[in-house]
Amino acid sequence: PLPMACIILEVIIIILFGTLVQYDDETDAKLWHKEIANGSSNYDNDFYYRYPSFQDVHVMIFIGFGFLMTFLQRYGFSSVGFNFLIAAFALQWATLMQGFFHGMHGGKIHVGIESMINADFCTGSVLISFGAVLGKTSPVQLLVMSVIEVTLFAVNEFIVLTVLGAKDAGGSMTIHTFGAYFGLMVARVLYRPNLDKSKHKNCSVYHSDLFAMIGTIYLWMFWPSFNSAVTAHGDDQHRTAMNTYYSLAACTLATYGLSAVVAHDGKLDMVHIQNAALAGGVAVGTAGEMMLTPFGSMIVGFLAGTISVLGFKFLSPILEQKLKIQDTCGVHNLHGMPGVLGAIVGAVTAALATKEVYGDGMADVFPDIQSGDVEASFQGIRQAISLAVTLGIALLGGLITGM
Amino acid sequence: PLPMACIILEVIIIILFGTLVQYDDETDAKLWHKEIANGSSNYDNDFYYRYPSFQDVHVMIFIGFGFLMTFLQRYGFSSVGFNFLIAAFALQWATLMQGFFHGMHGGKIHVGIESMINADFCTGSVLISFGAVLGKTSPVQLLVMSVIEVTLFAVNEFIVLTVLGAKDAGGSMTIHTFGAYFGLMVARVLYRPNLDKSKHKNCSVYHSDLFAMIGTIYLWMFWPSFNSAVTAHGDDQHRTAMNTYYSLAACTLATYGLSAVVAHDGKLDMVHIQNAALAGGVAVGTAGEMMLTPFGSMIVGFLAGTISVLGFKFLSPILEQKLKIQDTCGVHNLHGMPGVLGAIVGAVTAALATKEVYGDGMADVFPDIQSGDVEASFQGIRQAISLAVTLGIALLGGLITGM
Amino acid sequence: PLPMACIILEVIIIILFGTLVQYDDETDAKLWHKEIANGSSNYDNDFYYRYPSFQDVHVMIFIGFGFLMTFLQRYGFSSVGFNFLIAAFALQWATLMQGFFHGMHGGKIHVGIESMINADFCTGSVLISFGAVLGKTSPVQLLVMSVIEVTLFAVNEFIVLTVLGAKDAGGSMTIHTFGAYFGLMVARVLYRPNLDKSKHKNCSVYHSDLFAMIGTIYLWMFWPSFNSAVTAHGDDQHRTAMNTYYSLAACTLATYGLSAVVAHDGKLDMVHIQNAALAGGVAVGTAGEMMLTPFGSMIVGFLAGTISVLGFKFLSPILEQKLKIQDTCGVHNLHGMPGVLGAIVGAVTAALATKEVYGDGMADVFPDIQSGDVEASFQGIRQAISLAVTLGIALLGGLITGM
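All figures in this text were calculated on a predicted structure; none of them were measured in a lab. (Residues numbered from 1 in each chain as written. Chains lettered and ligands numbered in written order. Predicted model: local features only at pLDDT ≥ 70, side-chain atom pairs only at ≥ 80, totals over all residues. Heavy atoms only, no water.)

Remarks on the nonpolar core
Convention followed: Buried Ala, Val, Leu, Ile, Met, Phe, Trp, Tyr and Cys residues form a nonpolar core when they are joined through side-chain atoms within 4.5 Å. Only protein chains enter the accessibility calculation, which uses a 1.4 Å probe; a residue whose area is less than 20% of its type maximum is buried, one above 50% is exposed, and one in between is partly exposed. Two residues form a contact once any of their heavy atoms are found within 4.5 Å.
Ranked by internal contacts, the top residues of the largest apolar core, which has 395 residues, are A:Tyr218, B:Tyr218 and C:Tyr218. Setting aside residues no more than four positions away along its own chain, C:Tyr218 makes contact with A:Tyr218, B:Ile63, B:Tyr218, C:Val59 and C:Ile63. Judged by nonpolar contacts, the second largest core, of five residues, contains B:Val160, B:Ala166, B:Met173 and B:Ala343.

Quick look at the structure:
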């Protein structure tokens, strides 16, 4: 069934690309040169602002998630091999779904560097969900799950960013919260009481594995690129990368400190380090482009590391025993709670935005506040509603998909 | 003999660099500032358009090929260690040879970011050839082979790009086809009937090795940078990267699908995944900068994955038994056939180029068609002749080198 | 003590960031848009010139040093795990110390992409020192050592670059020489006669480890980004990257050649390859941005590889037996001597600078010569004094820290 699924899906995708997809203005030879001739472009191709970040995101999705998950679980081929297949499928499907929902131009989906980054982001969300269900599903089930998840991801993204007008450049809500709670709900439906004793061992068994550490460091290093990949040019990308950098650094020290505190014997738990040290990146996914300041970023990072470690220690056992959710890789602690924290931080930071602080830069970060359409406080409310919508679609979607 | 060879070759290279090489206009302090003062430059240093791609290509050559080959064959040091030495040598020698053939200015070779990328490309071609002869040669033989191959690479590149005026930015012909058939011909000459039973085991034995998979993913991720590294600024680089991205994604699904179809037991063959999933990048090396469209790129990628898997399954055994070519790493399936496919796709796409589709962008992609010097159909013929020339020089050169 | 140390230090850092640190003009929404409105900026955000290099440096610090050291010593978690913690701490502390010494603006430290790169550089220097003391210290001792070293690094950098007006973009002096001699002096104070026979094995035991080779290749590939990360825009960054590229290539051939020459049995020593092949990058750290020419760079690289291999073979045993300095990872051979060589090459190249060669580009490389404040010969003297100062502060600081 898998070979047939691959070939049929790819043929469908190729036909849809043939009828629906065309180059955007910056990728098309004729249109780009027409823009230059018009003087409506000064040769500044978006490609140069975004391609280095795109490649970093690409590495995070394909190596970071792959490496980290593989060596944590030792699922070997079922992890790296199928991650690769599903990722290659998801980014094509995401191009179609995101293009469809984010607005077509003259009946066509226009693709360029930004659509490539967004497709990679969507793929990342699917791989986060896999972290919760790994070891419980067959490859074809994973493929079906990714068809549904990519579609719902695009729907949710459309509602949050376009309908509600929320900001979420680094995807605290749309990528991390969505992916985590979608996956956890699927894991809940697929609950098997004997999983723990079966051959599918839990992550924490292999706590000494150096390879997982390498995966973590890859994700840690490139996270500033992840959060800043689609923010506006200039100060916005600059600021987002820097906020993420400081949030992660503070998060790392909090993680090492807390991990030793909650341990019985005072020893560090490698699973905490490998996961919680990254929570700082997740938690500034929404507010990173705002005027959060390095100070604010470090506080957020510190909190994210703290709740992530405490989640591994105290919440994961409860989830498994009481709620019957076996969170294979602890995505709730790395993506779920830090994602929700990031959404809340984003809502608060948005509500506090003033013209004194942002100046004319307001137009990039909060165009609706700059134009006078909304107050800052209402932007905060829109952010909060977006979190609720994301949780709703993720949980409901995961429930249906699981069944 | 190896230490002497290293030191003597390096001394010769240093003397040649001392007499022949100087900074190009963008790298030289005086010349660059003179250009700015003249107003003939607006501070747009080519470095910023190409350096990120250069680093990605660098990673592909030194980590991708190294990792992939090492762990596939377990030749350990003879692979990583000597790959590194030969690559460090080849890029210096390539700077001299390519500079010599591509035109000297006032008796000097001018070097800059583009010559660095081209030297890396040439090094890649040498490493492709190694994939065919690995385990059959001594280090000094490899060094001699790379001296000859780099020289012939520069001759072929000069004929194809300058004399014939063909386009081949991603090197379907000049890098992949040349490297593969050169290496295969050397392997043919060095044929040893008992190799299979000797300690040098064939790639396919280690099919479960996760490390080879990592090497594959590295190459897969950075291939868009490889194909777009030396294309024209703006829409061309943008389009090339995107075409490669979609070709690879489609190729991956085709590979997984076909691999399971041709297997006896329906299981995936890791050697197929590790190699054939990359064929899509090779096959858009020539046409990637043209208006191939994502749709066209995906069809090419799908075909490339298909012929690559079928090559591993049906053609490689025939090559070995009938033609006595032991293709250690299957370079014929990853670089040879997909390279020829890429050359044909490039010729057809060039022949179909119209002013309606390219607009003023024609000047970047096909300057000779824009200037009216040639018809599109004749550009297609020049591309086809280039393929024939490349095959001829590669096969003849490999034959002589092998002896 | 470690968890408390982490949390207390992080809280102190957060408070200091809250009171002292703010976005620089290019990272702040209001200030950047004011600059654009004024016309004092043409949208050219420094972020785009430096971020790709920053990411490469980030990879070198976190993966290159981590991988290389880990697998050389098999200290496992004590290497990767604590490298990560210390690095995450050091880059925050470095932001404060470097900001403090390099000049505050209105009582505030302004942070942007350049301060992030400089913090990474300082972190690199700390990790170099670790290479000399690894296996002799506890985690908390390492944390204390890094607090002191970062502070002294900032003091030394301030004296060399600001007070003395020397140039050292790639840090031959400030990063490599400083880090190496600081660490060696600490190692001297911590000398334990029985270390060799203890469980802490020396690097050279694991000479076949392929992973260390991967770490080497990572550092080798990204070194052009390291040296060019903070040089002036345009020709300077271009030239620095290229000089480093050729120096490393020549160094690699010298290393392979020399390593086989000095061996008893003519076989290559992997420890030489893994370390000496990188010496070429260290040795053009100062002169890389100058008009060294590819020819000059290759000679410097050749010399660096030679002294590094000879150092491993003949000097390291003497250091250990006579001077009681156990240089766990051979940092004296990779960073110490090549760093001093780099400083000398920089002094000589600076002393030879002429208006004929540099033209108006002199203003970027040697602003004080351009303005007529100093003669080229005096710039050379300032470079030489800087080397002496660096050695003095490193040795004295290491002595005090060790005690």
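Quick look at the interface of chain C and chain A
What counts, and what does not: A quick way to say it: buried area is the sum, across both parts, of accessible area lost when two parts are put together, with a 1.4 Å probe. Identification of polar contacts relies on pairs of N or O atoms within 3.5 Å, with a donor-acceptor requirement for protein atoms, meaning one able to donate a hydrogen and the other able to accept it, and with residues adjacent in sequence counted only if both atoms are side-chain atoms. For the purposes of this entry, the term helix denotes a DSSP run of H or I that reaches at least four residues, the term strand denotes a run of E that reaches at least two, and both are numbered from the N terminus. Residues are grouped as follows: nonpolar covers Ala, Val, Leu, Ile, Met, Phe, Trp, Tyr, Cys and Pro; charged covers Asp, Glu, Lys and Arg; every other residue, Gly included, is treated as polar.
Listed by partner, the interface residues are 54 residues for chain C and 55 residues for chain A. Across the interface of chain C and chain A, roughly 4800 Å² is buried in total on both sides, 78% from carbon and sulfur atoms. Seen at the junction of chain C and chain A, the total is 19 residue pairs in polar contact (both at pLDDT 80 or more). Secondary structure elements with two or more residues in the side of chain C that touches chain A: helix H1 (2-20), strand E1 (21-23), helix H2 (29-38), helix H3 (46-73), helix H4 (77-101), helix H5 (113-133) and helix H8 (210-228) of chain C. Considering each element in turn, the side of chain C that touches chain A owes the most residues, 13 residues, to H3(C). Here the residues of the side of chain C that touches chain A sort into 36 nonpolar, 13 polar and five charged.

Digging into a nonpolar patch on the surface
Residues and elements named next belong to chain B. Applied cut-off: Within the patch definition used here, like charges are joined within 9 Å and nonpolar side chains (Val, Leu, Ile, Met, Phe, Trp, Tyr) within 5 Å, considering only residues with over 30% relative accessible area and no salt bridge. Per-residue and other accessible areas follow the Shrake-Rupley method at a 1.4 Å probe size, with only the shown protein chains counted as cover for residues. Think of a salt bridge as a Lys or Arg side-chain nitrogen and an Asp or Glu carboxyl oxygen that are within 4 Å of each other.
Taken together, Val189, Leu396, Leu399, Ile400 and Met403 make up a surface patch of nonpolar side chains, about 500 Å² in accessible area. For the nonpolar patch, the leading source of residues is helix H17 (residues 376-402), giving three residues. Within the element layout of this structure, Leu396 appears in helix H17.

Some remarks on the side chain of C:His176
Residues and elements named next belong to chain C. Inspection of the secondary structure puts His176 in helix H7 (residues 172-189). Within the structure, the side chain of His176 is placed 2.9 Å from the side chain of His335, a separation counted as a polar contact. Setting aside residues no more than four positions away along its own chain, His176 makes contact with Ile128, Gly170, Gly171, Trp223, Phe226, Val282 and His335.

Things to note about the relation of the copies chain B and chain A
The operation relating the two chain copies consists of a rotation about an axis and a shift along that axis. We apply this condition: The superposition of copies rests on a least-squares fit of C-alpha positions from residues with pLDDT of 70 or more in both.
For the pair chain B and chain A, the best superposition has an RMSD of 0.0 Å and corresponds to a rotation of 120° with a translation of 0.0 Å parallel to the axis. The two molecules are tied by a three-fold rotation axis, judged by turn and shift. Residue B:Pro52, judged by its C-alpha, is the member of chain B lying nearest the rotation axis, at 3.7 Å. Counting the interface residues of chain B, we find that no more than 5% of their copies in chain A are interface residues as well, pointing to two distinct contact surfaces.

Thoughts on the state of the cysteines
The following threshold applies: Criterion for a disulfide: a pair of cysteine sulfur atoms at a distance within 2.5 Å.
The tally for this structure, following the rule as stated, stands at zero disulfides over all chains. Counting only cysteine sulfurs, B:Cys251 is the nearest neighbor of A:Cys6, a cysteine outside any disulfide, at a range of 12 Å. A residue is classified by how much of its surface remains accessible, and A:Cys6, at 0% relative accessible area, is buried.

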